[in-house]
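Okay, here's what each chain looks like letter by letter:
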Amino acid sequence: MSETVKQGHPKGLYFLFFTEMWERFSYYGMRAIFILFMTKVLLMSDASASEIYGSYTGLVYLTPLLGGYLCDKFLGNRRSIIIGGLLMAIGQFLMFMSANLGTNGGVSIMWMGLTAIIIGNGFFKPNISTMVGQLYPANDRRIDSAFTIFYMGINLGAFFSPLICGSMDFKWGFLAACIGMLLSLIFFVIYQKKYLISEEGKEIGLPVKKLDFKNILLIIGSIGIVFFMLNFKQMFKTETDIIGYFIYGAMILMPLIILTDKSLNAIERSRIIVIFILAFFVIFFWGAFEQAGASLTLFADRQTDRMVFGWDMPASYFQSINPLSVIVLAPVISILWGVLYKRRMEPSSPYKMAIGLALVALGYFVIAIAVKGLGFDEKVSMWWLIGLYVIHSIGELCLSPIGLSMVSKLAPLRLSSLLMGTWFLANAAANKFAGTLSALIPPTKDATGKILPLEDGTTPAIPSFLGFEITNLYEFFMLFIIMTGIAAAILFVLSSMLQKMQHNDHIEVQPDLDR
């Protein structure tokens, strides 16, 4: 093979770029309108919709553990992607049916749709990213730039999906998400044999062996468990949040299991403790950051002036600001870290994470200024919300290099899969926590300050956190400022110690822009 060809990228990279772009279009298009659909069509309270949103996005981060296991042992990447894509397309279509039915049976169909999307994501998400690396020989210098190109596809799909799915009625928005997933799936099925070939000429992602009966039962059982957990409150008429117990309980149990492993030496245990400490702070970062699809979307819909030259811009459009900011600012941040590295001034991973947390606090400080003293029937300029999203995007770019790259570098090889699973678990906990925090958004009031009743005639209670009532948006956003600000300050103090505990002079990682 000529040196010229080796300097470029295989066509398979752009094939995977296109496939992943449309899959992310489907996921983020649905997410952009999901909480508004629950509150406006299914007539749920803000608190109930927020809790469901958190449970859904939390479980989305857990199922890749199952999908990755079945792929490695049996299915191979290709078959896993096809199964996952098909399930997600079915799930989006069920969301379309749910929107058609509304309050007349739509909730039950929504549970089915969410279950299909959650399980489908578990098969699709971890496997398409893995195939990017398989296109190249081991230790090929082009792999880093290949992932940069691939992640641009992710952010491109995340950028234009809210603009399309959010510009139409909810049912058509879900159908558009379904069509996006079908485009991804059909394109993959047709061209996989042509493009999924390594530079040595070998087909990649082929099945490992036939799926045995035990693991078929595992898949069916997982679908049943997810559906049961999502339906639990409605089935038993209870407020017990078993999804929260499951995710948070696992977050406590996993570190105890790993750290009590007697085969660990002192250095390995020290590095693993660093992973767990940073995973704990990740929960605060993403718990605040992921308000984008929950409380901040409700805020954009109700108390943000979205008029542009007489056109009422859909609230979901604001969710395109983050991926656009990442596309524009990622090269700038990368250059900044490069310049600082050459001058021996680049912050360590814990410091970068602390900066990310501080920037999230700053974003909420901006929006808190905007809503302080805001009347119940008044709206803020959209530029305040745009400013928050841009600042949060910079924070994301500061934190993103830690992620999976850090786990892969610090984890002992024999425990790498288990610790990677723990990191996914932290992200699941963060998304579940985001839903819990979003549920604290104060209820809608009329011009006189009276709380408006729900559709069923009941008056929602004033939410409280640790005994403090949250009566207005200023108090609500202050909660995030205090939470992420304190977390940032503690992490700044701990950063030097954590750097020493890594037992490395410097850990250099590539930006992880995977959404």
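Keep in mind that this is a model prediction, so the values were computed, not measured.

J.: Looking at this model, I keep getting lost on the side chain of Ser55. Mind explaining?
T.: Here Ser55 shows up in helix H3 (residues 46-101). Apart from the residues within four sequence positions on either side, Ser55 is in contact with Asp241, Ile243 and Lys432.

J.: Explain unusual backbone geometry to me, please; I cannot follow it from the model alone.
T.: Keep in mind that most residues, glycine aside, have a negative phi and that most peptide bonds are trans. Of note in the backbone geometry, Leu43 takes a positive phi value of approximately 60° without being a glycine. The residue Leu43 is located in the loop between helix H2 (11-40) and H3 in this model. With a phi angle near 50°, Lys237 is a residue other than glycine that sits in the positive phi range. What makes Lys237 exposed here is its relative accessible area of 72%.

J.: Honestly, the nonpolar core in this entry has me stumped. Any pointers?
T.: Generally speaking, nonpolar side chains in soluble globular proteins are found buried as a group. In terms of nonpolar packing, the biggest core is built from 149 residues, with Phe34, Met38 and Met110 touching the most fellow members. For this core, the leading source of residues is H3, giving 17 residues. For Met38, the contacting residues outside a window of four places in its chain are Leu43, Met44, Ala49, Ile52, Tyr53 and Met110. Among the nonpolar cores identified, the runner-up in size contains ten residues, and Val326, Ala330, Ile333 and Leu359 belong to it.

J.: What should I look at first to understand a nonpolar patch on the surface in this one?
T.: A grouping of Leu182, Ile186, Ile190 and Tyr191 is seen on the molecular surface, where their side chains present a nonpolar patch of about 360 Å² in accessible area. Mapped onto the secondary structure, Leu182 falls in helix H6 (residues 170-195).

J.: Got a minute to help me understand the environment of Leu13 in this structure?
T.: With respect to the element layout, Leu13 can be found in helix H2. A C-alpha to C-alpha distance of 6.4 Å links Leu13 and Val132, two positions 119 residues apart in sequence. Contacts of Leu13, omitting those with residues within four sequence positions, involve Val132, Leu135, Tyr136, Ala146, Ile149 and Phe150.

J.: Which parts of the structure should I look at to understand the pattern of salt bridges?
T.: Once their charged atoms are close, side chains differing in charge can pair, the charge on each being opposite to the other. Evaluation of the coordinates by the stated rule reveals twelve salt bridges. Put simply, Arg24 and Glu23 hold a salt bridge, and the shortest N to O gap is 2.7 Å. Here Arg24 and Glu23 have matching classes, each one buried. Linking Lys352 and Glu346 is a salt bridge whose minimum nitrogen-to-oxygen distance equals 2.5 Å. A relative accessible area of 17% places Glu346 in the buried class.

J.: For this particular structure, what's the right way to read the packing of aromatic side chains?
T.: The geometry of an aromatic ring pair is captured by two quantities: the separation of the ring centres and the angle between the planes. Applying the stated rule across the entire model yields 35 aromatic pairs. On the numbers, 5.7 Å between centres and 75° between planes, the contact of Trp22 with Phe160 is edge-to-face. Here the residue Trp22 occupies a position in helix H2, and Phe160 occupies one in helix H5 (residues 143-165), the gap between them amounting to 138 residues. Overall, Trp22 belongs to the buried group, its relative accessible area being 17%. A ring pair is formed by Tyr27 and Tyr28, whose centres lie 5.0 Å apart and whose planes are at 90°; its orientation type is edge-to-face.

J.: Sorry if this is basic, but what is going on with the side chain of Asn427 here?
T.: Mapped onto the fold, Asn427 is located in helix H15 (residues 416-438). Excluding residues that lie within four positions of it along the chain, Asn427 makes contacts with Tyr61, Val282 and Trp286.

J.: Would you take a moment to explain the confidence of the model for the chain for this structure?
T.: In regions of low pLDDT, the predicted coordinates are not meant to be interpreted in detail. Residues with a pLDDT of 70 or more make up 96% of the chain, whose mean pLDDT is 89. pLDDT under 50 marks residues 1-5. Its contacts with residues more than four places away, or in other chains, come to three contacts. The low-confidence segment residues 505-511 (pLDDT under 50) makes 18 contacts with residues lying over four places distant or belonging to another chain.

J.: Sorry, what's going on with the packing of H3 against helix H7 (residues 213-236) here?
T.: In a packed pair of helices, the relevant descriptors are the angle between the two axes and the axis-to-axis distance. Packing of H3 against H7 leaves a shortest axis separation of 12 Å and a crossing angle of 175°. The angle between H3 and H7 places the two elements in the roughly antiparallel class. Contacts between H3 and H7 involve Glu51, Leu59, Leu66, Tyr69, Leu70 and Phe74 from the first element and Asn215, Leu218, Ile219, Ser222, Val226, Met229, Leu230 and Lys233 from the second. Within the contact of H3 with H7, the residues separate by chemical class into ten nonpolar, two polar and two charged.

J.: What should I look at first to understand the packing of H2 against H3 in this one?
T.: Closest axis-to-axis distance for the H2/H3 pair is 4 Å, and the angle between their directions is 155°. What the angle tells us is that H2 and H3 run roughly antiparallel. Between H2 and H3 the crossing geometry is right-handed. Considering only residue class, the contact of H2 with H3 consists of 14 nonpolar, six polar and three charged.

Rules behind the numbers
Within each chain, residue numbers correspond to sequence positions counted from 1 in written order. Predicted model: local features are reported for residues with pLDDT of at least 70 only, side-chain atom pairs are reported and counted for 80 or more only, and whole-chain, interface and lining totals are derived from all residues. Side-chain metrics in this entry use all non-hydrogen atoms of the structure; hydrogen atoms and water are not considered. Elements are defined by DSSP. Helices are runs of H or I of four residues or more, strands are runs of E of two residues or more, and each kind is numbered from the N terminus. We call two residues in contact when some of their heavy atoms are within 4.5 Å. Buried means the residue's accessible area, taken with a 1.4 Å probe over protein chains only, is under 20% of the maximum for its type, while exposed means over 50%, and partly exposed covers the values in between. Definition of nonpolar core: a set of buried residues of the types Ala, Val, Leu, Ile, Met, Phe, Trp, Tyr and Cys, connected through side-chain atoms within 4.5 Å. Here the term patch refers to residues with relative accessible area over 30% and no salt bridge, with like charges joined within 9 Å and nonpolar side chains (Val, Leu, Ile, Met, Phe, Trp, Tyr) within 5 Å. In these tables, accessible area is a Shrake-Rupley quantity obtained with a 1.4 Å probe, and a residue counts as shielded only by the protein chains included in the view. Only one rule defines a salt bridge in this text: a Lys or Arg side-chain nitrogen within 4 Å of an Asp or Glu carboxyl oxygen. Classification of ring pairs uses Phe, Tyr and Trp, with its six-membered ring standing for Trp, and accepts pairs whose centres are within 6.5 Å; under 30 degrees between planes counts as stacked, over 60 as edge-to-face, and the remaining range as tilted. The predictor's confidence in any single residue is recorded as pLDDT, a number from 0 to 100. Think of each axis as a best-fit line through the C-alpha atoms, taken over the contacting stretch in the case of a helix, with angles from 0 to 180 degrees between the N-to-C directions. Oblique is the label for any angle not covered by the other classes, which are roughly parallel (under 35 degrees), roughly antiparallel (over 145) and roughly perpendicular (65 to 115). Under the grouping applied here, Gly and all other residues not named as nonpolar or charged are polar, the nonpolar ones being Ala, Val, Leu, Ile, Met, Phe, Trp, Tyr, Cys and Pro and the charged ones Asp, Glu, Lys and Arg. A clockwise turn of the near helix away from the far one marks a right-handed crossing, whereas an anticlockwise turn of less than a right angle marks a left-handed crossing.

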